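Single-letter residue listing:
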Amino acid sequence: MISIKIKKELQQFSINADIKTELNKLVLFGPSGSGKSTLLKIIAGFFNPNQGFIKIKDKVLFDSERKLSVPIYKRNIGYMAQNYSLFPNLTVLENIQYGIKAQKINTDPLEIQQICNKLKISDLLNQYPKKLSGGQQQRVALARILPIKPEILLLDEPFNALDQEIRESLRDLVTEISDQYQIPVLLVTHNLEEASIFAEYIILISNGSQIESGESSVVFNCPGKLTSAKMMGIENLWLIERKINSETVMVNGMVIKLKNEILEEHTHLGIRAEEVMILRTNKPLRNNIQENILSGTVEEITNRGKFKKVVFQGINQLLIQINIPDHVYRKLNLQIRNSIRVSLKKESLILCRST
């Protein structure tokens, strides 16, 4: 169980967070400069919030009402900064042993060996950090943390400086470690793909304030706020002009039918660019895509590597961003100014509020 409710006044903005979950893989997500690293340091104990509490599992680390603040060296938290903070004058083995000796922890040498084997650094124990690659340094930093059996592992954008293949393998390794040792992990990132892959629970933060939080599948697929939807990469977001009935709205003069009931608080309608379906002109419509069919033209086509970004303009001047895989793009043979039809599937539409 992780339960955190804090407020910290800073010169630039205030840090506000309210997190409560029993899930183990958490992501703190937001743009650079939004206060993610600061929040992580507050949890670690580098400095205290003005008010609130921090509780990890059954251990209260901070409580302003009780005037309780556990010193950083007694919190038993594994904290890994972006630069890994290895001691350059110590060998890999000496770096790993440093935390154990500093906290006077009795550890079985066999356990250290097993951790090194798991992290694939057993052949590096006599090397110095400057001789290691970024990925190897990160593995050593993890190996230094694990023997202390931390209550939580705090990772501050640890994969940023690594190439894609190493980034993916180490992210998978952290997931495996969290599962095997049952260690909660709070990962800071501003990479949406990384957040979507790792997170079981996600906290969105902007300008120091927590915008929204919850199970990742809910926040990614059904964000409650307009700001959250933009942060989650939903590019198609339109103001609802009028609510026709409990399941139908008017957007830019177009009547759109929905799967879910519209609440009074809903102000915007959205759909992910990859969820917009371009209809084949040479195939009959399937039963499940008979609604929300729009006619229009292709205005732009942009290469995005693994997919093409298509800008579609409907007859009511409604602009829709569409992401389609390369193999689908080749089959459709799309060209600028082509007349096409698209479907906004009811189950893919989301509703959110402006505040």
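These numbers come from a predicted model, not from an experiment.

Next up on the list: the sheet that holds strand β22 (residues 350-352). Ordered by their spatial adjacency, 3 strands build an open sheet running β12-β16-β22, and the pairing between neighbours is antiparallel. Both outer strands of the open sheet, β12 (236-239) and β22, are each paired with one neighbouring strand and no more. The average angle at which neighbouring strand axes cross in this sheet is 25 degrees, direction not considered. As defined by bridge partners, strand β16 (residues 268-271) adjoins β22 across 3 bridges and the pair is classed as antiparallel. What sits directly across from Leu-269, in β22, is Leu-351.

This next bit is on the sheet that holds strand β15 (residues 254-257). Taken together, 3 strands build an open sheet; the order of strands is β13-β14-β15 and the sheet is antiparallel. Pairing within the sheet leaves two strands with one partner each, and these edge strands are β13 (242-245) and β15. The mean angle between the axes of side-by-side strands here comes to 30 degrees, regardless of whether they run parallel or antiparallel.

Within the secondary structure, Arg-144 is located in helix α4 (residues 134-145). Lacking a salt bridge, the buried Arg-144 has Glu-94 as its closest oppositely charged neighbour, with an N-O distance of 11 Å. The contact partners of Arg-144, leaving out residues within four places of it in the chain, are Tyr-84, Ser-85, Leu-86, Phe-87, Asn-95, Ile-96 and Gly-99.

A few words now on the pairing of strand β5 (residues 59-63). Looking at chain direction, strand β4 (residues 51-56) and β5 are connected through 4 bridges and run antiparallel. Counted as the bridge partner of Ile-56 is Lys-59 from β5. As defined by bridge partners, β5 adjoins strand β6 (residues 68-69) across 2 bridges and the pair is classed as antiparallel. Its bridge partner being in β6, Asp-63 is matched across the sheet by Leu-68. Counting the residues in the hairpin turn of β5 and β6 gives 4 residues, including Lys-67, whose phi is positive at 50 degrees.

Time to look at the side chain of Gln-137. Note on placement: Gln-137 falls in helix α4. A polar contact of 3.3 Å, which involves the side chain of Gln-137, links it to the backbone oxygen of Leu-132. Those residues within four positions of Gln-137 in sequence are excluded, and the remaining contacts are Tyr-84, Leu-86, Pro-129 and Leu-132.

Looking now at helix α5 (residues 164-181). The first and last C-alpha atoms of α5 sit 26 Å apart over 18 residues, in line with the 26 Å expected at 1.5 Å per residue. Every buried residue of α5 is accounted for by Arg-167, Leu-170, Arg-171, Leu-173, Val-174, Ile-177 and Ser-178. For α5, the arc enclosing every buried residue in end-on projection is 160 degrees, short of the 170-degree limit, so these residues lie on one face. In this structure, the buried residues of α5 make contact with β3 (25-29), α3 (109-118), α4, β8 (152-156), β9 (185-189) and α6 (192-198). Positive phi shows up at Gln-182, right after α5, with a value of about 55 degrees.

We now examine a negative patch on the surface. On the surface, Asp-163, Glu-165, Glu-168, Asp-172 and Glu-193 cluster together into a negatively charged patch. Examining the composition of the negative patch, we find that 3 residues originate from one element, α5, more than from any other. Structurally, Glu-165 is set in helix α5. You can call Glu-165 exposed: its relative accessible area is 66%.

Criteria and cut-off values
Within each chain, residue numbers correspond to sequence positions counted from 1 in written order. Local features in this predicted model are restricted to residues of pLDDT 70 or higher, and side-chain atom pairs are both shown and tallied only at a pLDDT of 80 or more, whereas totals for entire chains, interfaces and linings draw on every residue. Only hydrogens and water are set aside; all other atoms, that is, all heavy atoms of the structure, feed into the side-chain values. Strands are labelled as partners when DSSP assigns at least two bridges between them. Only DSSP runs of H or I covering at least 4 residues are called helices, and only runs of E covering at least 2 are called strands; the numbering of each starts at the N terminus. Each axis is a line fitted through C-alpha atoms, and for a helix only the stretch in contact is used; angles between axes span 0 to 180 degrees, taken between their N-to-C directions. Categorising residues by exposure relies on relative accessible area from a 1.4 Å probe, with only protein chains included: less than 20% of the type maximum marks a residue as buried, more than 50% marks it as exposed, and the intermediate range marks it as partly exposed. His is not counted, nor are the chain ends; Lys and Arg add positive charge and Asp and Glu add negative charge. Each salt bridge in this description consists of a side-chain nitrogen of Lys or Arg and a carboxyl oxygen of Asp or Glu lying within 4 Å of one another. Two residues qualify as a contact provided that any one of their heavy atoms is within 4.5 Å of a heavy atom in the partner residue. Counted as a polar contact is a pair of N or O atoms within 3.5 Å, where, for protein atoms, one must be capable of donating a hydrogen and the other of accepting one, and residues adjacent in sequence contribute only when both atoms are in side chains. The span one expects for a helix is its residue count, reduced by one, times 1.5 Å. To be clear, the arc concerns the directions from the helix axis to the C-beta atoms. To count toward a patch, a residue needs a relative accessible area above 30% and no salt bridge. Like charges then connect within 9 Å, nonpolar side chains (Val, Leu, Ile, Met, Phe, Trp, Tyr) within 5 Å. Note on areas: these come from Shrake-Rupley sampling with a 1.4 Å probe, and a residue is covered only by the protein chains present in the view. In plain terms, the charge of a residue is placed at NZ if it is Lys, CZ if Arg, CG if Asp and CD if Glu.

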